[in-house]
Amino acid sequence: MEFRTLEHIPVDILLETINKSFADYIFQVRLTPEKLCLKIVSEQIDLAISVGAFADGVLAGFILHGSKVVDNQKNAYNSITGVLPEFRKQKLTVRMYEYIIPVLKEQGYRQIQLEAITSNVPALKSYIEVGFTISRILECYRGKVKQLQSALDENIEITNEWQADNLSWIWDWEPTWQNDVLSIENVKEAITCITYKKDAQIIGYLFFNNITKRVQQFAVAREYRNKHIASRLFNALAHHTGDTDVEIINLQSEVSGAKFLNRIGFELFIKQYEMKLSLA
Ligand SMILES: CC(C)(COP(=O)(O)OP(=O)(O)OC[C@H]1O[C@@H](n2cnc3c(N)ncnc32)[C@H](O)[C@@H]1OP(=O)(O)O)[C@@H](O)C(=O)NCCC(=O)NCCS
């Protein structure tokens, strides 16, 4: 088995290996060229810090890493890991990390983070063996948004012209890598923003990705909660999405608003662990 970084990998080989590795996954994952490109751009995946395991030149396993600078610190994100079924049980994930961690350290990375489904035993065993520890429990919801009112509220605006950098005052918790401001801004043309304004100020909002069909952020300012503003935001989303299935992934578990989400049509479908490994 040979290990090397992936900057020279043809995208079609990568796509094929991803889809074959995820063919027996907990739920259906099938990336198209468009979705893989969107993921690479959004999550800032850098193939030069991503790693492949090659058996006689065939890509048998991979870890794709994204890269961001947070608080003057270079952080990496394991965006997707897979090993072809016929190459499993050889600890390839651990061995890929043994290869890539010195490369990341050499380039000044201070941390790697990732998410893994809580029931994915081989993945969790591999990450724990590498040294990752759990930082948060996350919840993922799916459903068709119920249209609770027929009319749009007059304070609601649905727009593709938005700025995310002045909304963090509304948050209770930091979004995960895939849902953070940079990941959303990187694919701005795919995102619709729904806002609720009071006296020209945004006090509630929702970001929806029209390609992945995922709500990437939603929040209502603390002093305006329990006034049905989130219901109005999601009612507007129902107008926008129609009958489409929508996902909201990686909500911090103790503040996810499960009751509210159930009421408007969403069901919890998986829980994930967010995990981190310090390289300092
Ligand atoms: C997760 C994945 C990458 C791990 O592949 P791998 O590196 O070949 O891992 P291994 O098969 O060597 O398994 C690692 C450990 O899990 C154990 N394991 C494997 N399958 C298992 C199962 N079904 N039940 C319990 N333990 C299992 C192995 O015995 C090994 O344990 P050990 O360290 O005690 O020996 C691979 O299973 C995969 O591609 N799965 C589909 C995609 C996926 O889940 N990606 C990760 C998303 S976070």
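A brief structural summary. Worth saying up front: this structure is predicted, and the values here are computed from it rather than measured. (Residues numbered from 1 in each chain as written. Predicted model: local features only at pLDDT ≥ 70, side-chain atom pairs only at ≥ 80, totals over all residues. Heavy atoms only, no water.)

**Some details on the pattern of salt bridges**
Then step 1. Summed over all chains, the structure comprises 16 salt bridges.
Then step 2. A salt bridge links Glu139 to Lys271; the nearest nitrogen and oxygen atoms lie 4.0 Å apart. On the criterion of sequence distance, the pair formed by Glu139 in strand 6 (residues 133–143) and Lys271 in strand 12 (residues 266–278) is long-range, its members being 132 residues apart.
Then step 3. Overall, Glu139 belongs to the buried group, its relative accessible area being 8%.
Then step 4. One network of salt bridges, with partners in common, ties together Arg142, Arg214 and Glu247. (Salt bridge = Lys/Arg side-chain N within 4 Å of Asp/Glu carboxyl O. Helix = DSSP H or I, 4+ residues; strand = E, 2+ residues; numbered from the N terminus. Buried < 20%, exposed > 50% of the residue type's maximum accessible area, 1.4 Å probe, protein only.)

**Remarks on the pairing of strand 6**
Then step 1. Direction of pairing for strand 6 relative to strand 12: antiparallel, over a ladder of 10 bridges. Residue Ile137 lies in a different strand from strand 12, and its bridge partner there is Tyr273.
Then step 2. One ladder, built from five bridges, connects strand 6 with strand 11 (residues 246–252); its direction is antiparallel. Across the sheet, the residue bridging to Leu138 is Gln252, located in strand 11. (Pairing = 2+ DSSP bridges.)

**Digging into the packing of aromatic side chains**
Two numbers describe a pair of aromatic rings. These are the distance of the centres and the angle of the planes.
Then step 1. Summed over the entire model, instances satisfying the criterion amount to 11 aromatic pairs.
Then step 2. Each ring, one from Tyr77 and one from Trp177, has its centre 5.0 Å from the other, and the planes form 10 degrees; the classification is stacked. Highlighted residues: Tyr77 in strand 4 (residues 73–83) and Trp177 in the loop between strand 7 (156–159) and helix 5 (181–185), separated in sequence by 100 residues.
Then step 3. An angle of 75 degrees between the planes, with centres 6.0 Å apart, marks the rings of Phe234 and Phe266 as edge-to-face. With Phe234 in helix 6 (residues 229–241) and Phe266 in strand 12, this pair connects stretches of sequence that are 32 residues apart. The exposure classification of Phe234 matches that of Phe266, with both residues buried.
Then step 4. An aromatic cluster is built from Phe22, Tyr25, Phe27 and Phe269, whose rings are joined through pairwise contacts.
Then step 5. The ring of Phe54 has Arg4 sitting right over it, with the charged end atom 3.8 Å from the ring centre. (Phe/Tyr/Trp six-rings, centres within 6.5 Å; stacked < 30°, edge-to-face > 60°. Lys NZ or Arg CZ within 6 Å of the ring centre and 35° of its normal.)

**Some words on the nonpolar core**
Then step 1. Core analysis: the largest hydrophobic core is formed by 40 residues, its most contacted members being Phe207, Phe234, Leu237, Leu261 and Phe266.
Then step 2. Mapped by element, the contributors of at least two residues to this core are helix 5, strand 8 (191–198), strand 9 (201–209), strand 10 (214–220), helix 6, strand 11 and helix 7 (258–263).
Then step 3. In terms of residues, this core owes the most to one element, helix 6, which gives seven residues.
Then step 4. When neighbours within four sequence positions are excluded, Phe266 is seen to be in contact with Tyr141, Arg142, Gly143, Val145, Phe234, Val246, Ile248 and Leu261.
Then step 5. Formed by 30 residues, the second largest nonpolar core is a distinct cluster that contains Ile49, Val83, Val94 and Val130. (Core = buried A, V, L, I, M, F, W, Y, C linked by side-chain atoms within 4.5 Å. Contact = heavy atoms within 4.5 Å.)

**Things to note about the site of the ligand**
Then step 1. Taken together, 22 residues sit near the ligand, with Val83, Lys89, Lys91, Thr93 and Asn120 positioned nearest.
Then step 2. The contact in question runs from an oxygen atom of the ligand to an N or O atom on the backbone of Val83, over 2.8 Å.
Then step 3. Within the backbone of Lys89, an N or O atom sits 2.8 Å from an oxygen atom of the ligand.
Then step 4. For the ligand, the protein covers 75% of the area, taking 950 Å² as the surface of the free molecule.
Then step 5. Counting residues per element, the ones that place at least two in the shell around the ligand are strand 4, helix 3 (92–106), strand 5 (109–117) and helix 4 (121–130).
Then step 6. The element contributing the most residues to the shell around the ligand is helix 4, with seven residues.
Then step 7. Of the residues assigned to the shell around the ligand, the class counts are nine nonpolar, seven polar and six charged. (Near = heavy atom within 4 Å. Polar contact = N/O pair within 3.5 Å; in protein donor to acceptor, adjacent residues only side chain to side chain. Areas by Shrake-Rupley, 256 points an atom, 1.4 Å probe, with all protein chains shown as cover. Nonpolar A, V, L, I, M, F, W, Y, C, P; charged D, E, K, R; others polar.)

**Observations concerning the pairing of strand 4**
Then step 1. Along strand 4, nine of the 11 residues are buried, which leaves the element largely enclosed by surrounding structure.
Then step 2. Counting the residues that bridge the hairpin from strand 3 (residues 58–70) to strand 4 gives two residues, and of these Asp71 lies at a positive phi of roughly 50 degrees.
Then step 3. With five bridges connecting them, strand 4 and strand 5 associate as parallel partners. The residue of strand 5 that forms the bridge with Lys74 is Tyr109.

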